[in-house]
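As a plain string of letters, each chain reads:
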Amino acid sequence: MFTSLAGKTVMVTGGSKGIGKGISVVFAKQGANVAVVARNAEAAERCAEQIRKDGGSANSFQGDVADLDSMKKVAQSVADMFGGIDILCSNAGIFPSAAIEEMTGEEWDTVMNTNAKGSLYAIQASLPYLKNAECGRIILTSSITGPLTGYKGWSHYGASKAAQLGFMKSAALELAKYNITINAVLPGNIVTEGLENLGENYLNEMAASIPLKRLGHVDDIAYAACFLASKEAGYITGQSIIVDGGQTIPESLDAMA
Ligand code: NAP
């Protein structure tokens, strides 16, 4: 489908599970070399192994996006193994729930450090290699929650996801001189291990509020990321694509009838 991804190297943070795993598998199917990054080395290796078993090119790398030194080591190892980094999918993220009245500073910091600062660190670590790429690409996994919508218990999460987009606008300007584009995918409710942990009630409530009447699949996000990573998308930077089955469109319950 996206022929220009064949032979490119993509580093996927949070690539071991959920949306990141979907991104890893789909990029591998386009012929890309995939670096699967996560804190849990076994889970990352399971994903890489599955890709190799299916005929793709992948390796796992243990790393923590909230730790710059860790990300620098990962990026160096990825470049050593595959000869560079062409695409960064900054996808790792967490979404614990905490009410504002009870939220501790530590809870706030953990979410911001992983979701927002984690994107900065993944970019800083891979930038020396992206600068050498023919056309470097960065794709952020943000969310509809924060930039567009809210949900009780996710004020810190929403702030972190909106922060990614604010960061992206200035990053697009700073990175343009290297011919690197940076864009974001804003998923709605996508079935992943993380989402399933929120329980059946949450999943049912969300499915009912989606015009296309189904929760999203990880491939729905992965294909949007593939497009933004492709050579064909080279004139798009600093932009967001909402992939939510239309969930953010209705103005009222009547609009869904
Ligand atoms: P998930 O199933 O819980 O997977 C999260 C991934 O991130 C795992 O691979 C995890 O591996 C990794 N990760 C977490 N913290 C990390 C850290 N500090 N360093 C490196 N890797 C880390 O979550 P998901 O649902 O796929 O979500 C992925 C991204 O999509 C997140 O940014 C999330 O905000 C966004 N998103 C998801 C949805 C949805 O409906 N699922 C909707 C909107 C946005 P380890 O724990 O082993 O590190």
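Calculation notes
Residues numbered from 1 in each chain as written. Predicted model: local features only at pLDDT ≥ 70, side-chain atom pairs only at ≥ 80, totals over all residues. Heavy atoms only, no water. Helix = DSSP H or I, 4+ residues; strand = E, 2+ residues; numbered from the N terminus. Rg over C-alpha atoms; globule rule 2.2 N^0.38 Å. Buried < 20%, exposed > 50% of the residue type's maximum accessible area, 1.4 Å probe, protein only. Lys, Arg positive; Asp, Glu negative; His and termini not counted. Charge placed at Lys NZ, Arg CZ, Asp CG, Glu CD.

Tell me about the overall build of the protein, and please be specific about residues and values.
A tally of helices and strands in the protein yields nine helices and seven strands. Its C-alpha atoms give the protein a radius of gyration of 17 Å, near enough to 18 Å, the size a compact globule of 257 residues would have. Dimensions of the protein along its principal axes, counting C-alpha atoms only, are 50 × 40 × 40 Å. Out of the 257 residues belonging to the protein, those deemed buried represent 51%. Mean positive and mean negative side-chain charge positions of the protein (20 and 26 charges, respectively) differ by 7 Å.

Which residues make up unusual backbone geometry, and what are the values?
Its identity is not glycine, yet Asn 179 carries a phi of approximately 60°, on the positive side. The topology assignment puts Asn 179 in the loop between helix 6 (155-175) and strand 6 (181-187). Positive phi, close to 60°, is recorded for Lys 213, a residue that is not glycine. Within the element layout of this structure, Lys 213 appears in the loop between helix 8 (200-208) and helix 9 (218-229). For Lys 213, a relative accessible area of 53% gives the class exposed.

Any functional reading would require information that these geometric values do not contain.
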